[in-house]
Every structure is written in structure tokens, then in C-alpha cells.
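# An overview of the molecular structure
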Amino acid sequence: MTEPLIFEISSPGRCGASLPACDVPRTPLPAGMVRDDLSLPEVSEVDVIRHYVRLSQLNYGVDKGFYPLGSCTMKYNPKVNEVAARLPGFARTHPYQDPDSVQGNLTLMFELQEYLKELSGFAAVSLQPAAGAHGELTGVLIIRAYHQSRGDSKRTKMLIPDSAHGTNPASTSMCGYTTVEIKSDARGNVDLEDLRAHCDDTVAGLMLTNPNTLGLFDEHVLEIADLVHSCGGLLYGDGANFNALMGIAKPAQLGFDVMHFNLHKTFSTPHGGGGPGSGPVGVSQRLAQFLPGPIVVPAMAEDGWVGGPAEHADEHAEEHTGKHTEEHAEECHALRLAMPKHSIGRVKSFYGNFGVLIKAYTYIRVLGAEGLRQASQDAVLNANYLMHRLKDVYPLPYDRTCMHEFVLGGPPPEAEGVHTMDVAKRLMDYGFHPPTVYFPLIVHEAIMIEPTETESKATLDAFAEAMIKIAEEAVIDPDLLHSAPHVTPVTRLDETRAARRPRLRWVPPRQD
Ligand SMILES: *Cc1c(COP(=O)(O)O)cnc(C)c1O
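Reading the values: rules and limits
- One numbering rule holds for all chains: residues counted from 1, following each sequence as written.
- Selection of residues for local features in this predicted model requires a pLDDT of at least 70, selection of side-chain atom pairs for listing and counting requires 80 or more, and totals for whole chains, interfaces and linings are taken over all residues.
- Where side-chain values are given, they derive from all heavy atoms of the structure, hydrogens and water being excluded.
- Helix numbering and strand numbering both begin at the N terminus, where a helix is a DSSP run of H or I of at least 4 residues and a strand a DSSP run of E of at least 2.
- Relative accessibility under 20% of the residue-type maximum defines a buried residue, over 50% an exposed one, and the middle range a partly exposed one, all with a 1.4 Å probe and only protein chains included.
- Any two residues whose heavy atoms approach within 4.5 Å at even a single point are treated as in contact.
- Under the convention used here, a 1.4 Å probe and the Shrake-Rupley method define accessible areas, while residue burial counts only the protein chains that appear.
- Only four residue types enter the charge count: Lys and Arg as positive, Asp and Glu as negative, with His and the chain ends excluded.
- To locate a charge, take NZ of a lysine, CZ of an arginine, CG of an aspartate or CD of a glutamate.
- A pair of Phe, Tyr and Trp rings is counted when the ring centres sit within 6.5 Å of each other, with Trp represented by its six-membered ring. The angle between the planes then sorts it: under 30 degrees is stacked, over 60 is edge-to-face, the rest tilted.
- Fitting a line to C-alpha atoms yields each axis, with helices limited to the stretch in contact; the angle taken between N-to-C directions then spans 0 to 180 degrees.
- Here the angle decides the label: under 35 degrees means roughly parallel, over 145 means roughly antiparallel, 65 to 115 means roughly perpendicular, and every other value means oblique.
- Note: crossing handedness is left-handed where the near helix turns anticlockwise from the far helix by less than a right angle, and right-handed where it turns clockwise.
- Asp, Glu, Lys and Arg are counted as charged, while Ala, Val, Leu, Ile, Met, Phe, Trp, Tyr, Cys and Pro are counted as nonpolar; the rest, among them Gly, fall into the polar class.
- One heavy atom within 4 Å of a molecule or strand makes the whole residue count as near it.
- Within 3.5 Å is the distance limit for a polar contact, defined as a pair of N or O atoms, with the added protein rule that one can donate a hydrogen and the other accept it, and that residues adjacent in sequence qualify only through two side-chain atoms.
- Definition used in this section: a nonpolar core is a set of buried Ala, Val, Leu, Ile, Met, Phe, Trp, Tyr and Cys residues joined via side-chain atoms within 4.5 Å.
- What a helix should span is 1.5 Å times the count of its residues minus one.
- Patches in this entry comprise residues that are over 30% relatively accessible and not in a salt bridge; like charges within 9 Å are linked, as are nonpolar side chains (Val, Leu, Ile, Met, Phe, Trp, Tyr) within 5 Å.
- What makes a salt bridge here is a side-chain nitrogen of Lys or Arg within 4 Å of a carboxyl oxygen of Asp or Glu, nothing more.
- Being paired, for any two strands, means DSSP has found at least two bridges between them.
- The handedness rule is simple: strands pointing away from the viewer, and a clockwise path from the first strand over the helix to the second, make the crossover right-handed.
- Domains are outlined according to an automatic or database domain assignment.
- What gets called buried area is simply the loss in accessible area from a 1.4 Å probe that two parts show on being joined, summed for both.

## Some thoughts on the overall build of the chain
- When its secondary structure is counted, the chain shows 17 helices and twelve strands.
- Buried positions account for 49% of the 512 residues belonging to the chain.
- Taking as baseline every contact in the chain between residues at least 6 positions apart, the subset at least 24 positions apart corresponds to 73%.
- About 25,500 Å² of surface is accessible on the chain, with carbon and sulfur atoms providing 54% of the total.
- Charge centroids of the chain, computed over 44 positive and 64 negative side chains, lie 5 Å from each other.

Okay, structure coming up:
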């Protein structure tokens, strides 16, 4: 790093604070509370501001540039979402408040449950899980509870395609199931023969990502659902790629029994640096009573109501408007929290990550039904455009229309000794965040690109041109790539050391 750090511009006696004169008697602090050995920087207010602004600019985020990190869906996070999440009526409420005093919050949660049901076709939704992987764990626990409730204890296996995200087998083993890997076929679909060979009465279910992590829509999703159901298993949907289907196809109608949503991917809430996220789970009618709770239900719904049409309450309220008092109409619209009858329990404190729910709700309301469908269509269009610009330069292992992302097979074969990691690092010199690399595992030297719908053609072209230029450099001057990046605050890292022995704070030089 070339610019001085805040400790290095420290100058004895300089001070950034101007406190009012003390107007209470001075009292010494208890012994042990004052440490004289802390070497704090002595800096002015403007030094502090510049220090933090500079640090914030060292970070690369979607607000700074193109971020085509495949699978992660780094779409633009509309700022109106943040405004909504900061409204005092939301931000200053507390989960311990009486439900009567937070009916606005409950209404937002109830409507979000309804929107997710409408988009997915599921009968009921719980907003509890805190992320996609947490939604998977929840979904697999629901599958387990369902089989147990039927006294069906033979089922010990979860089938998972070899293209799946690593969180799928992890969630599975946390629930005590054994993972059985199912091969992909030459078109990138689940290999039906392999699946057929593994379907028997020990199968608890199959976890399918559709579109899958190759960015391909599984052409046999209906047959897969039939096969899994015919042996008594359930079909789990990893909904991380729902941003390609939103407003176009409903997973419940494709045969899925349970699916998690990644609100921080599909519904635009920010998720750099590990969260907070939100991974609501939707289920079909037969699984509804196993959902984690509490979920939000109409106050007048009968006990055990967890889903199904909300019109009932609305109609009732409308009937009474005018006829009785306005208070009565309001009572009919009131909401309460309920635990489903056979709930797997709580999977998160209180009601999930409420701030994230507000942002996703705002996104849905701003776009509306048409807008959500358009977002999916544009995501798919952008990915196909980039794929076509790059496929003559980089190997494309599955050459078919992609969904919202696509996977290249590493640098051009002529570029000897150059690897995907070198291409990724060199992209930083061109000012782009690298795509996802070396995932999915079934593609050698994978480069997984997800442009998202919020990028202009100009940005996509600039990225394509950088990728094409890098492909040329890879052949002419491979060392330029091996030593990249050259213009970033830190250059090529020893990744193992950075992961195992990270230097997370500045240490003053020894003064002896
Ligand atoms: C992101 C992702 C997950 C995990 O979701 P998190 O919210 O990061 O826990 C699971 N599967 C796929 C395909 C993903 O892209």
C-alpha cells in the first residue's frame, strides 16, 4: 500500500475531538480502567474522515463496478430498499413488543409470505431462515419430519446431482442423511439412468437446483420429480437461481415439494461480506404443518391455518366494513403469530432477519408482477449475450441456451500454462470483479459468469472486450497473467497463508 496508514500520519499533540468544557465535578476512573500503554494515533478530524473514506474505497462492491460472480447474483441493490428499511416505524420496533402494537410489521411479513407463495406456487412459506444454506437445512429437516411422521424410518439417503452447490451435501449430513451423488449427462442435465438406478425406498429425497449451477434449465425436471415421488421421496428445490424463473415458472408446478428462496440474491438485498441474508422456505400443502415458526396468520384464521388463500379474511373484513364499526373491520384484518401444528420448531431467534424482509418486500412492490418477470428475462438475455460474445474465444463445455448464468471451460487451449486463476486475477487490472472460478466442480477450470439484469449493454461489452484482450495476452505474454493483478492495493496473494494466517490489523513497528 502506497498511502500512509492512520498510525503513520499520527503527530504528537494533534487532536480530532473538541469536547465542551466539563461542567460536572471531575471524578477519577476506578483503578484498572485506564490503560496508559495503548498507542492510539493522534490525528485531526479530517485525517480520520480521509482514513475511513479511503478504506471504504479499497473495497470492491456492486456499487463500484461490474460484479459477475456466478451463482451469487450480485445484482444492483436499489437504494429505495434501504430507505424503507430505515423508516422509524420499522427500524424502532422490537421483537418483544406486543403483536397488537406491531401490526404494520406483521402485515409486511404476511404480504411477503403471500408474494413468495404466489411467485413459487407453494401453499405456505416461513420467513425464519437466515440464509440459503440455512433454508436448505430447514427444508431437509422438514423432509425428515415428514417421513418420521409417517413412521417411515428406512429413508437414509439424499440424492444430490454432481453439479450441486457444496451447501447441499453439508445440509444433508447435518440432518443425518447420507449423500448419494447423481451424475450429470452430456447436456448438463441430471443423468436419468443414473437417477433411476438410485431410486428406491431408502431415498428421503433429491435436492435439485434448477436452473442448475451450469446455468442450464434441467430439461427433464418433470421426469425427475416423477421418479423421486414414485419411490416415496420428496423433491427439494435449491432456489438460489430463482432469479431466472421469477414470474415465468412456478417451482411447485414443476414438481418441487419444498424450496428455499435467497432474498439476498433474487430479491436484491445486499449480501457482500457474509450477510445478513434471508432464506425463506416454501412448501406444498402436505408439508405445511412442519414449517418452522412463528409464521404470520390472519388473527381470525382457525388454529392450525398456515397457508392457503388469504381472501377469506379479506372478504370477511369487507363484508363488515360499513355494516359494523370500522374497528370491527380492522379487527378482521388483524394478524397474529402462530406455530404450525407439527413444526420442526424455531430455526432462528424471533422472526428471521426482519431488515432483509423489508428490503425484499420493497423490491417486489417497486417492480410489481410485470417488473419481476422482466427482471428474469433480462437476466437471461444478458447472460446469453455475454456467452455468445465469449464462446468463440473461451471453451464452452455446454453449448446451449443458458439461463441467467453460464460456465466457460477455462482459458483458451492455446494459452499454455495459463489457468483460470490467472484470467480471474488479470480481470482486476481491467477494473472488474472476477467471476466465480473452479465451480461447479464438474467443469475443469470453470469460469462461472452471472452478469445479472441490472447491467447495461455497454458494461457487458466492456467486460467482453476485457476477457477477449486477456485471452490474447494469455497466448502472447502468459507471465503478465501469472503475476496479475498489478494495479490493486495488494497484488497476488499467497491464498493459503491469507486464509490460514490473515493479518487483520495494523501492528505498530517495534520501537527498540
Ligand atoms: C448461494 C447459493 C447457496 C447458499 O446460499 P447462502 O445464502 O449463501 O447460504 C446454495 N446453493 C446455490 C446454488 C447458491 O448459489
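## Let's talk about the packing of aromatic side chains
- Throughout the structure, instances matching the rule amount to eleven aromatic pairs.
- Members of the aromatic cluster, each reached through a chain of ring pairs, are Phe66, Phe432 and Phe463.

## Overview of the packing of helix H14 (residues 420-429) against helix H15 (residues 457-476)
- One way to put it is that H14 packs onto H15 with a least axis distance of 10 Å and a crossing angle of 125 degrees. Compared by their axis directions, H14 and H15 come out oblique. For the crossing formed where H14 meets H15, the hand is right-handed. For the pair H14 and H15, the contacting residues are Val423, Arg426 and Leu427 in the first and Phe463, Ala466, Met467, Ile470 and Glu473 in the second.
- When its residues are assigned to classes, the contact of H14 with H15 shows six nonpolar, no polar and two charged.

## A short note on the site of the ligand
- Within the structure, the ligand sits among Ser71, Ala131, Gly132, Ala133, Glu136, His165, Thr167, Asp238, Ala240, Asn262, His264 and Lys265.
- In the model, an oxygen atom of the ligand is placed 2.7 Å from a nitrogen or oxygen of the Gly132 main chain.
- For the ligand, whose free accessible area comes to 380 Å², the fraction covered by protein is 86%.
- Those elements that provide at least two residues to the shell around the ligand are helix H5 (132-149) and helix H10 (263-266).
- When residues in the shell around the ligand are grouped by element, the largest group, three residues, is from H5.
- The class makeup of the residues in the shell around the ligand is three nonpolar, six polar and three charged.

## Some words on the nonpolar core
- Membership of the largest hydrophobic core comes to 84 residues, with the highest contact counts inside it found for Leu195, Ile224, Leu263, Phe267 and Val283.
- Other than its neighbours up to four places away in sequence, Leu263 contacts Leu112, Leu116, Ser268, Thr269, Ser278, Pro280, Val356, Leu357 and Ala360.
- Grouped together as the second largest cluster of nonpolar side chains are 26 residues, Leu390, Phe406, Leu408 and Ala464 included.

## Thoughts on H5
- The first and last C-alpha atoms of H5 sit 25 Å apart over 18 residues, in line with the 26 Å expected at 1.5 Å per residue.
- For H5, the full list of buried residues reads Gly132, Gly135, Glu136, Leu137, Thr138, Gly139, Val140, Ile142, Ile143, Ala145, Tyr146 and His147.
- Immediately downstream of H5, the backbone of Gly151 shows phi near 70 degrees, a positive value.

## Focus: a nonpolar patch on the surface
- The grouping of Val80, Val83, Val366 and Leu367 at the surface amounts to a nonpolar patch, some 320 Å² of accessible area in total.
- Looking at the nonpolar patch, the elements with two or more residues in it are helix H2 (79-85) and helix H13 (354-390).
- Structurally, the position occupied by Val366 is in helix H13.

## Structural notes on unusual backbone geometry
- With an omega of 5 degrees, the peptide bond running from Gly293 to Pro294 counts as cis.
- Relative to the elements of secondary structure, Pro294 occurs in the loop between strand E7 (281-283) and strand E8 (295-298).
- Residue Ala484 is joined to Pro485 through a cis peptide bond whose omega torsion reads 0 degrees.
- The backbone phi angle of Ser71 is positive, close to 80 degrees, even though this residue is not glycine.
- Within the secondary structure, Ser71 sits in the loop between helix H1 (45-58) and H2.
- With a phi close to 60 degrees, Tyr438 is a non-glycine residue in the positive phi region.

## Quick notes on the pairing of strand E4 (residues 203-209)
- Most of E4 is tucked away: seven of the seven residues are buried.
- Pairing analysis gives three bridges linking strand E2 (residues 157-161) to E4, with the strands arranged parallel. Bridge pairing links Leu159 to Leu206 in E4.
- Where E4 meets strand E5 (residues 234-239), five bridges bridge the pair, whose relative direction is parallel. The residue bridging Leu206 from the neighbouring strand is Leu235, located in E5.
- As for the winding sense of the linkage, the β-α-β connection from E4 through helix H8 (residues 221-230) to E5 is right-handed.

## Notes on the domain arrangement of the chain
- Each assigned domain of the chain is listed here: domain 1 (81-362) and domain 2 (376-497).
- Measuring from the centre of the C-alpha atoms in domain 1 to the corresponding centre in domain 2 gives 33 Å.
- Contacts between domain 1 and domain 2 engage 24 residues on the former and 19 residues on the latter.
- Between domain 1 and domain 2 lies a buried interface of about 1,600 Å² when both sides are counted; carbon and sulfur atoms form 61% of it.
- Taken together, the connections running from domain 1 to domain 2 amount to one salt bridge.
- Inspection of the domain 1/domain 2 interface yields eight residue pairs in polar contact (both at pLDDT 80 or more).
- The residue makeup of the side of domain 1 that touches domain 2, split by class, is ten nonpolar, ten polar and four charged.

## Structural notes on the sheet that holds E5
- One open sheet holds the seven strands; their spatial order is E1-E7-E6-E5-E4-E2-E3, and the pairing between them is mixed. With one partner strand each, in any of the chains shown, strand E1 (124-126) and strand E3 (178-182) form the two edges of the open sheet. The mean angle between the axes of side-by-side strands here comes to 25 degrees, regardless of whether they run parallel or antiparallel.
- In this fold H5 packs onto E2, E4, E5, strand E6 (258-261) and E7, with an angle of close to 170 degrees to the strand it touches most, E5.

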